[in-house]
Every structure is written in structure tokens, then in C-alpha cells.
Amino acid sequence: MKRARKAAAERDDDLRLDQIGGWPLPEERSDWLGDAEAERTLLDAYRGGRMHHAWLLCGPRGIGKATLAYRFARFMLAYPNPDVPEVRDATDLSLGPEHPAFRKVAVRAHPNLLVLQRGYNDERKRFYTELTVDEIRRTVSFFGTTSGEDGWRIAIVDPADDMNASAANALLKILEEPPRRSLFLIVSHAPGRLVPTIRSRCRRLNIRPLPADIISGALQRGVADIEEDEIATASVLAEGSLRKAIHLTEEGGLAGYRDLSGLLATLPAIDIEAMHSFADRVAGRGNDEAYEGFIDALSAWLDRRVCGENEPDPAARLAPAVLAAPLETWAELWENLRHSSTRTDDLNLDRKQAVLSILMNLARATRM
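Residues numbered from 1 in each chain as written. Predicted model: local features only at pLDDT ≥ 70, side-chain atom pairs only at ≥ 80, totals over all residues. Heavy atoms only, no water.

All right, on to the pairing of strand S1 (residues 54–58) then. Extensive coverage of S1 is indicated by the burial of five of its five residues. Burial along S1 is two-sided: Ala54, Leu56 and Cys58 and Trp55 and Leu57, pointing in opposite directions, are all buried. Relative to strand S6 (residues 182–188), S1 runs parallel, the two being bridged by five bridges. Considered in S6, the bridge of Leu56 is made with Ile186. Sheet topology note: the S1/strand S7 (residues 203–206) ladder contains four bridges and is parallel. Across the sheet, Cys58 pairs through a bridge with Asn206, a residue of S7. (Buried < 20%, exposed > 50% of the residue type's maximum accessible area, 1.4 Å probe, protein only. Helix = DSSP H or I, 4+ residues; strand = E, 2+ residues; numbered from the N terminus. Pairing = 2+ DSSP bridges.)

This structure, assessed with the given rule, holds nine aromatic pairs. Measuring from ring centre to ring centre gives 6.5 Å for Tyr46 and Phe75, while their planes differ by 80 degrees; the resulting arrangement is edge-to-face. With Tyr46 in helix H2 (residues 36–47) and Phe75 in helix H3 (residues 65–78), this pair connects stretches of sequence that are 29 residues apart. Tyr46 sits in the buried class, given a relative accessible area of 2%. When its relative accessible area of 1% is taken as the criterion, Phe75 is described as buried. Ring plane angle 85 degrees and centroid distance 5.5 Å describe the contact between Trp301 and Trp330, whose orientation is recorded as edge-to-face. Remark: Trp330 occurs in helix H17 (residues 327–346) and Trp301 occurs in helix H15 (residues 288–307); sequence separation between them is 29 residues. Residue Trp301 is classed as buried on the basis of its relative accessible area of 3%. Residue placement shows Arg305 over the ring face of Trp301; its charged tip is 4.8 Å from the ring centre. (Phe/Tyr/Trp six-rings, centres within 6.5 Å; stacked < 30°, edge-to-face > 60°. Lys NZ or Arg CZ within 6 Å of the ring centre and 35° of its normal.)

Structure, rendered in C-alpha cells:
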């Protein structure tokens, strides 16, 4: 798996945002592991004549929102008339991989589908940090020209959270005056951060996180040479996100979680040398996955402290000072973590220093 990911990273022209080497992209998946009720809502709306021109697909990152968006787009592009038997009699949005619409969408070659995401910077060999207004303005020519095929024209925004202010304003303008037989499928990990006027012009569809047993089954099929206890721990730690579970099992995420748990098990004392070593590992140059994994792992650890829950890994100990700390402490630390991580990313600050500062704040807070 890791070799496949490295090979993919070396082919700039094949890169896709959030691609995981060895795993199918959302547009390539023929199965749907997620929320059956959300799928039925889309299907019922389409064949019932209640199609809103814009849907906001909401939920945590990695639970299959983009997969569902492509699945719905394929179905509508394959059957542009909702009155045909294939739609009336359908029990889900599945479409066989041999269908022409499936093949075209899988390679993003369908003339009636537009995908709007952060672009790739060939000069810097990385994706841009924002979804720009120029990208959103591609909708003008897409919806303004003659359709390549009869039927619907569909735009997928994935995710809308990446839009800068100008891009959000451009999207809002077209949502206010949608073209005929147009559909926007807007993916959002944090819909509360979108401008209210965009939210008000969309029908919101909340998608539930994946059950732990579904994640466990996907890991068993997709990850080689992994112990059952690691799958079980990763499936719970993932909190309904298959993407997070893959990171935990393939990119050293479980080891990082256990290293973090070891540091926190000694609070309020902390091993300075071990802390610096840990910060070097998770905040090294180009090690985005490890840093993001640290932020996610600590955020989830703080969530469990707020909720009074045990750690998913039986080997993870909670220090007496941690067990004795009041709820207000964990709520404040969680908010500080969110602020610190956002500020570090926005201002491109030193990540190692941010990790050290976060850990020292934990130590100080549990001494009180």
C-alpha cells in the first residue's frame, strides 16, 4: 500500500486531492458503505419530483460524502428522465461499472459533470491551500454552453470548506440564479463555517459516520498484514471515518496515537526529551499526514475527556491528574487546540513549536 501511494505521488498528472494510494477514488467506487437513509433521501427526491437545485452533503471528513455525490451524479447522468422504470423501480443509486456513465465519471470525462476542487501547483509540487474564485468561475462556461449530452448538468464542489471569500461569493451568485436542469452537490466537513447565504440556498443532507464494524470490514479487505486487535482499535479511533482508519493502519497513525498516549499518561509530568522526539516525528517537513493525525488524535482524546469516556486502546492509561481534572479544563484545552492549529496553518508557523506548545499547555493545565 505504501509503495503504491509513493508511486502515485511521483506522477503529478495522476494526482487527485485527498488521494490514498491503493484505494479507489470516490468517483471510482461502485459500492456504498455509508448511510442508507441518506442515499434513499436523494433517490426519493429525484424520482418524486422534489429535486432541489443544490444539496449540501454534510458530515465529518472521510465518511463517504464525496463517494455519495459521485454515486448520485452517475445515477442522474445515466437516467436523466426520473420517470423511466430504472429509476421508479430502483432500491438504491447503484450503477454497474460497465455502464458508460460510470466509466466516464470514473475518469472525470463526462461532459455533463464538473468537479470543483483545489488545484495542483505544478511549480511547488503540492495542492493549493484554497479553492479559488477562478475555479468556481468555471461554472460560467460549463452551464452557459450547449450540453455535451442531453440531460442534467452537475457540479460537485469538494469540499466547499476550502473556498476563499471570493470563491464563496461566486458560488453564491450562481446558486441564486441556477440554470435549468442544473444540480450542485456541495460537500462540506464543517457546514457551520460556510456563509449562511450559501447554506440557505441548499437542501442540507446530514450523513452519519460509518459504524465501526463497516470500517473494520473495509480494513480487512483493503489492508494487508495487519493484526485483528489493530483493526479493532483503529475502527473505534476512526470515529466513523474510513479515511482516518486507513491513516491509522497504513501511515503509522496507531503508533503515533500510542506514542501520544504514552506522553499523556505521565501528566502533569512530561518527559522533555521524549516530547521533542515526538514533535520531530509529527511535525517534520513534508509530513502533513502525521501532523494532521496528531491534531485529530489529540482532539479526539480531549473529546473523550469531556465525555468521560475511556480510551479505545486498553493499553492506554489515564494519569490520576487527568481523571481529576474538571470538565472546564478539557473544554478550554479543546478550544485552545482548535485555535492553535488553525493559526499555525493560516500563518504558516513552525509546526514543531506548535506541537511543543500544545503539549506544555496540557501539562500546565493538569497541575492546577
